[in-house]
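Architecture at a glance
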Amino acid sequence: MKLFDSLISAVLPFTPKPLIRVVANKYIAGETLNDAMATVARLNQQETMATVDVLGEFVKNPDVARQETNNNIAVIEEIARRGLDSNLSVKLTSLGLDIDKEFCWENLRRVLEAAARARNFVRIDMENAPYTDSTIELARRAQSEFAGHVGIVLQAYLRRTQDDIRQLASEGMHFRLCKGIYIESETIAFKGREEIQQNYLECLNIILDHGCYVGIATHDDVLIDGARKIIAERGLGSQQYEFQMLLGVRDGKRRELVGQGHRLRVYVPFGRDWYGYSIRRLKENPSIAGHVFKAIFTGN
Ligand SMILES: Cc1cc2nc3c(=O)[nH]c(=O)nc-3n(C[C@H](O)[C@H](O)[C@H](O)COP(=O)(O)OP(=O)(O)OC[C@H]3O[C@@H](n4cnc5c(N)ncnc54)[C@H](O)[C@@H]3O)c2cc1C
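Residues numbered from 1 in each chain as written. Predicted model: local features only at pLDDT ≥ 70, side-chain atom pairs only at ≥ 80, totals over all residues. Heavy atoms only, no water.

Focus: unusual backbone geometry
Phi angles above zero are rare outside glycine, and Glu47 is one such case at about 55 degrees. By the secondary structure assignment, Glu47 is in the loop between helix H3 (33-45) and strand E1 (49-54). Even without glycine at this site, Phe58 takes up a positive phi of about 50 degrees. Along the chain, Phe58 turns up in the loop between E1 and helix H4 (62-82). (Helix = DSSP H or I, 4+ residues; strand = E, 2+ residues; numbered from the N terminus.)

Okay, here's the thing in structure tokens:
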């Protein structure tokens with residue numbers, strides 16, 4: 001990483017929130033459900049599907065977790081009411097995983113019931129390593145009761161992921177595969193860019209060997225090209241996979257993939273709890289923050 005980018009990453013946590021907000025605006029649909037639905041409608045007009053995320057994580061208060069549960073149900077109901085092409089992504093720590101696993105399961109179950117009623121789908125995001133086992137456990141429980149309405153995310157940077165795929169694939173799980181965004185120790189995670197890319201493509205092949213559906217979540221040209229090659233070699237139909245990208249990232253590449261006939265879904269986060277998500281996105285691409293900071297401080 002360039003020195004200036006490293007500097008930006010280091011100062012981000014000490015940067016005033018209003019300034020972060022300005023820089024992070026491109027990654028977030030807005031604060032309200034209406035903002036999120038407007039973004040989804042715009043994406044749908046561009047032949048692009050969506051997955052909506054109510055921002056929020058690491059909730060410690062049961063009342064807040066219940067409110068988050070209601071907010072997620074409201075998203076599912078509003079998608080159905082407006083006839084939009086979108087599903088829901090949810091972080092289990094927003095539903096109370098940090099408070100109590102059974103409490104979280106009850107909340108997740110309510111969200112899944114709403115999704116099943118609306119014939120929709122809930123993607124369980126994967127958080128940092130202390131939550132991997134419990135997230136997989138609840139996803140398996142969800143799969144046994146709500147098959148077809150639930151899927152999990154696995155992270156190619158984790159050394160355990162190929163084993164997790166084998167176990168979950170035998171239960172018919174629906175996957176999103178991403179590199180992984182959290183900072184994990186070398187004992188459990190690959191650290192080199194190339195070894196993560198290699199593991200990503202191996203994981204993708206294992207998922208497809210098992211005949212499972214996969215969301216290929218990446219903006220990395222090496223992985224997009226590798227995935228396109230695998231798709232062509234296997235002669236996959238468009239109902240066996242989709243590409244996935246984050247709102248505000250590589251819109252040109254997104255349009256290229258859609259133009260080539262691939263199904264593509266954009267992750268649309270919204271809500272007032274935007275800070276943690278935005279900091280992660282900006283650390284991923286500090287040069288964006290750098291341009292804005294430069295403009296703000298130098299006036300050009
Ligand atoms: C739909 C979706 C869902 C995800 N869900 C999860 C999850 O549940 N758990 C999890 O740990 N991680 C999740 N991630 C994040 C993922 O793990 C990666 O951290 C992220 O996608 C960056 O990796 P990459 O494969 O795009 O490769 P990178 O090498 O990071 O990016 C490739 C290129 O994309 C562009 N780019 C990437 N990020 C940005 C950015 N923020 N701003 C501007 N340009 C950028 C740059 O041009 C970069 O060179 C998700 C990602 C996507 C797309």
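Focus on the packing of aromatic side chains
The final tally for this structure, using the stated rule, is four aromatic pairs. On the numbers, 5.9 Å between centres and 35 degrees between planes, the contact of Phe58 with Tyr131 is tilted. Taken as a pair, Phe58 in the loop between E1 and H4 and Tyr131 in the loop between strand E3 (122-124) and helix H6 (132-146) lie far apart in primary sequence, 73 residues in all. Judged by relative accessible area, Tyr131 falls into the buried class, the value being 12%. The ring centre of Trp274 lies 5.3 Å from the NZ or CZ of Arg21, which sits over that ring. Here Arg281 stacks its cationic end above the ring of Tyr277, 4.6 Å away from the centre of that ring. (Phe/Tyr/Trp six-rings, centres within 6.5 Å; stacked < 30°, edge-to-face > 60°. Buried < 20%, exposed > 50% of the residue type's maximum accessible area, 1.4 Å probe, protein only. Lys NZ or Arg CZ within 6 Å of the ring centre and 35° of its normal.)

A short note on the packing of helix H8 (residues 193-209) against helix H9 (residues 221-234)
Here H8 crosses H9 at 25 degrees, and the two axes come no closer than 10 Å. By the angle between their directions, the pair H8 and H9 is classed as roughly parallel. Classified by chirality, the crossing of H9 by H8 is right-handed. Judged by residue contacts, Gln197, Tyr200, Leu201, Leu204, Asn205, Leu208 and Asp209 of H8 engage Val222, Leu223, Gly226, Ala227, Ile230 and Arg234 from H9. (Axes fitted to C-alpha atoms, helices over the stretch in contact; angles between N-to-C directions. Parallel < 35°, antiparallel > 145°, perpendicular 65-115°, else oblique. Left-handed = near helix turned anticlockwise from the far one by under 90°. Contact = heavy atoms within 4.5 Å.)

Examining the site of the ligand
Taken together, 26 residues sit near the ligand, with Tyr27, Gly180, Thr218, Glu284 and Asn285 positioned nearest. Between the ligand and Ile181, the relevant distance is 3.0 Å, taken from an oxygen atom to a main-chain nitrogen or oxygen of the residue. One of the side-chain nitrogen or oxygen atoms of His219 is found 2.8 Å away from an oxygen atom of the ligand. Bound to the protein, the ligand loses 86% of the 940 Å² it would expose on its own. (Near = heavy atom within 4 Å. Polar contact = N/O pair within 3.5 Å; in protein donor to acceptor, adjacent residues only side chain to side chain. Areas by Shrake-Rupley, 256 points an atom, 1.4 Å probe, with all protein chains shown as cover.)

Things to note about the domain arrangement of the protein chain
Parsing the protein chain into structural domains produces domain 1 (1-28 + 275-300) and domain 2 (30-273). Taken over C-alpha atoms, the centre of domain 1 sits 25 Å from the centre of domain 2. With 10 residues of domain 1 at the contact, the number on the domain 2 side is 15 residues. When domain 1 packs against domain 2, the two sides together hide about 1,100 Å² of surface, and 56% of this comes from carbon and sulfur. Summed over the three residues of domain 1 that lose the most area to domain 2, namely Ile28, Tyr277 and Arg280, the buried surface amounts to 53% of that side. Our count for the contact surface shared by domain 1 and domain 2 stands at two salt bridges. (Domains from an automatic or database assignment. Buried area = accessible area lost by both parts, 1.4 Å probe. Salt bridge = Lys/Arg side-chain N within 4 Å of Asp/Glu carboxyl O.)

Concerning the environment of Leu201
Among the secondary structure elements, Leu201 is positioned in helix H8. For Leu201 and Val222, which are 21 residues apart along the polypeptide, the C-alpha to C-alpha distance reads 9.7 Å. Among residues more than four places away in sequence, those in contact with Leu201 are Leu223, Gly226, Ala227 and Ile230.

Section: helix H2 (residues 17-24)
For H2, the set of buried residues is Leu19, Ile20, Val23 and Ala24. What you see down the axis of H2 is that its buried residues fit within an arc of 130 degrees, all on one side. (Arc of directions from axis to C-beta.)

A closer look at the side chain of Ser278
Tracing the backbone through its elements, the reader meets Ser278 in helix H11 (residues 275-284). The exposure class of Ser278 is buried, given its relative accessible area of 0%. In contact with Ser278, other than residues within four places in its own chain, are Ile20, Ala24 and Ile28.

Describing the environment of Ile73
One can find Ile73 in helix H4. Residue classification places Ile73 among the buried residues on the basis of a relative accessible area of 10%. Taking the C-alpha atoms as reference points, Ile73 and Leu112, separated by 39 residues in sequence, lie 8.6 Å from one another. Residue contacts for Ile73: discarding those within four places in its chain leaves Arg110, Val111 and Ala114.

Structural notes on the pairing of strand E4 (residues 150-155)
Taken across its six residues, E4 has six buried, putting it largely inside the fold. Neither face of E4 is exposed, since Val150, Ile152 and Leu154 on one face and Gly151, Val153 and Gln155 on the opposite face are all buried. With H6 bridging E3 and its parallel neighbour E4, the resulting β-α-β unit is right-handed. Relative to strand E5 (residues 175-178), E4 runs parallel, the two sharing four bridges. The residue bridging Gln155 from the neighbouring strand is Cys178, located in E5. (Right-handed = clockwise from strand over helix to strand, strands pointing away. Pairing = 2+ DSSP bridges.)

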